[in-house]
Amino acid sequence: MSTGVAVRVEAVHALARIVFHGVSLRAALASSAPRIADSRDRALLSAMLFAGTRGWLRFDAALPLLMDRPLPQKLRELRTLLVLALVQIAALELPEHAVVASAVDAAKALGYVKQAGMVNAVLRRFLRERADIELQLDRDPATRFAMPRWLIEAVRADWPDHVNAILAESNVQAPLMLRVNRRVSSVDAMRRKLDVAGFTTETDELLPDALILADSTDVTRLPGFDEGAFSVQDGSAQRVVELMDLHDGLRVLDACAAPGGKAAHMLERAELDLLALDRDATRLDRVRANLSRGGLSADVRVGDATLPQAWFDGRAFDRILLDAPCSASGILRRQPDIRLHRRASDIPNLVATQSQMLYALWPMLVPGGRLVYATCSILRAENENVVAGFLAAHDDAQALALSPEWGEVAGVGRQRLPGDRGMDGFYHAVITKQA
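Our subject in this report is the structure included herewith. The structure displayed is predicted, hence computed values, not measured ones.

The next subject is helix α9 (residues 149-158). Those residues of α9 that fall on the buried side of the exposure criterion are W150, L151, I152, A154, V155 and D158. Each element contacted by the buried residues of α9 is listed here: α8 (141-144), α10 (163-169) and α16 (346-361).

See below:
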């Protein structure tokens, strides 16, 4: 088996796990990439998995337009192979005839020898009829944007003036944003190092710790990575620290801390007594690793924010960050598998959890303290509605007004929509406790 075919076979296995078995893109890539020796082939594998996951709902819908009868349900990996080949042609724009040839070889390598001719015929038909096929797919928003219909309807209901832009931006590859660790380096110093190494960067006045790279790359090979001089973090997530009003000596709770980016950012800004809490013990290993790489320390503890009696020691917090679990509908650019795994039926349970966390954490905030509520969702049910319900039930809670630089008005908070200034979709609200 040639290297190119081996990469495609591995991509088929991984994409099938994502689509049919609910495995996350991150986990699928982590298990598949070590099987590919060459770094360029690993980059191709990653590109195929991201594009395949992002485009599945579009190109899977193309198969009935290209075939006289549907594939048997049991031939899932053959179906995956066909979709992946269409993605390579239409989304990744790889050489068409090379894609067809490699797909035929991959079909044989996967054990579909009898179907190899069919694979060739389907893909060649797509090449002949591509313009008409894509026109048919573009007529339906679900296949035009490769989005589940429930999510399209939810976005249209919440953001009718922005729905097409949101859906389009959710399919654009997100820029690579770095957060410079102020305790190790500076934005200017880090930018000079990257420039010497041949990397072009940009800055944004709203992101005082950020460098934005023009092209994606293996960040572990960038100068300063081993020293903890920077971390990868989207601009919307970096913005959270600006709302925390931090200074030395504060006691701070990061209530849903994994994977630790915001906890690290806060510790880079000030000397804090910080508790990094998360209910998932496994994910807390990533928090510890991220803090350690940056030369930072915190009290990292397993705990459920809805059940503080199991972990709260009675010492109130000056600041609380609740980056609540959510639909992640604002970060489809970075995690395209969300569109395949999230269901409309998940939203009520998420809303209930978000509200429970707010209610449970509020008594632990000192009078005069502030709580920042954030999500990477663009759905009003998870954002402004949750905060509005909480404020209505608490006379001692008051929301701070946020300026337009934080995005669109969303109740008492602000909503940054996907792609705005290159950032992810993110909701922010600040609630203070009356003394």
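The next point concerns the pairing of strand β1 (residues 176-180). When you tally the buried positions in β1, you get five out of five residues, the bulk of the element. Sheet topology places β1 next to strand β3 (residues 207-213); four bridges connect them, and they run antiparallel. Along β3, the bridge assignment pairs M177 with I212. Here three bridges tie β1 to strand β4 (residues 230-232), and the two strands are oriented antiparallel to one another. Each residue of the ladder has a partner; that of L178, found in β4, is V232.

Strand order in the open sheet formed by four strands is β2-β3-β1-β4, and the pairing between neighbours is antiparallel. If you trace the sheet from one side to the other, it starts and ends with β2 (201-204) and β4, each paired once. The average angle at which neighbouring strand axes cross in this sheet is 35°, direction not considered. Each of β1, β2, β3 and β4 is contacted by helix α11 (residues 187-196), which is oriented at about 10° to β3, the strand it contacts most.

In this model, A258 is joined to P259 through a cis peptide bond whose omega is 5°. With respect to the helices and strands, P259 occurs in the loop between β5 (251-254) and α13 (261-269). Phi is positive for E93, close to 55°, though the residue is something other than glycine. Within the element layout of this structure, E93 appears in the loop between α5 (76-90) and α6 (96-109). Even without a glycine there, the phi angle at D245 is positive, about 50°. Residue placement: D245 occurs in the loop between α12 (235-243) and β5.

Between helix α1 (residues 3-21) and α5, whose axes approach to 9 Å, the crossing angle comes to 110°. In terms of orientation, α1 and α5 fall into the roughly perpendicular class. Pair α1 / α5 crosses with right-handed handedness. In contact with R8, A11, V12, H13, L15, A16, F20 and H21 of α1, α5 contributes R76, E77, R79, T80, L81, L84 and Q88. Partitioned by chemical class, the residues of the contact of α1 with α5 number seven nonpolar, four polar and four charged.

Mapped onto the elements of the fold, E405 is located in the loop between β10 (397-399) and β11 (408-410). Residue E405 is classed as partly exposed on the basis of its relative accessible area, which comes to 37%. Separated by 11 residues in the primary sequence, E405 and R416 have C-alpha atoms spaced 8.9 Å apart. Not counting residues up to four positions away in its chain, the partners in contact with E405 are L206, R239 and R416.

Using the criterion set out here, one finds 33 salt bridges in the structure. Here D234 and R334 are joined by a salt bridge, their closest N and O atoms 2.6 Å apart. A residue pair is termed long-range when its members are at least 10 positions apart, and D234 in the loop between β4 and α12 and R334 in the loop between β8 (317-323) and α15 (338-341) qualify at 100 residues. Judged by relative accessible area, R334 falls into the partly exposed class, the value being 26%. A salt bridge links R251 to D313; the shortest N-O distance between them is 3.4 Å. Here D313 lies in the loop between β7 (299-302) and β8 and R251 lies in strand β5, a separation of 62 residues in the sequence. Among the charged side chains, a network of salt bridges with common partners joins R58, R130, E134 and D138.

Conventions and cut-offs
- Residues numbered from 1 in each chain as written.
- Predicted model: local features only at pLDDT ≥ 70, side-chain atom pairs only at ≥ 80, totals over all residues.
- Heavy atoms only, no water.
- Buried < 20%, exposed > 50% of the residue type's maximum accessible area, 1.4 Å probe, protein only.
- Helix = DSSP H or I, 4+ residues; strand = E, 2+ residues; numbered from the N terminus.
- Contact = heavy atoms within 4.5 Å.
- Pairing = 2+ DSSP bridges.
- Axes fitted to C-alpha atoms, helices over the stretch in contact; angles between N-to-C directions.
- Parallel < 35°, antiparallel > 145°, perpendicular 65-115°, else oblique.
- Left-handed = near helix turned anticlockwise from the far one by under 90°.
- Nonpolar A, V, L, I, M, F, W, Y, C, P; charged D, E, K, R; others polar.
- Salt bridge = Lys/Arg side-chain N within 4 Å of Asp/Glu carboxyl O.

Structural measurements only, silent on function.
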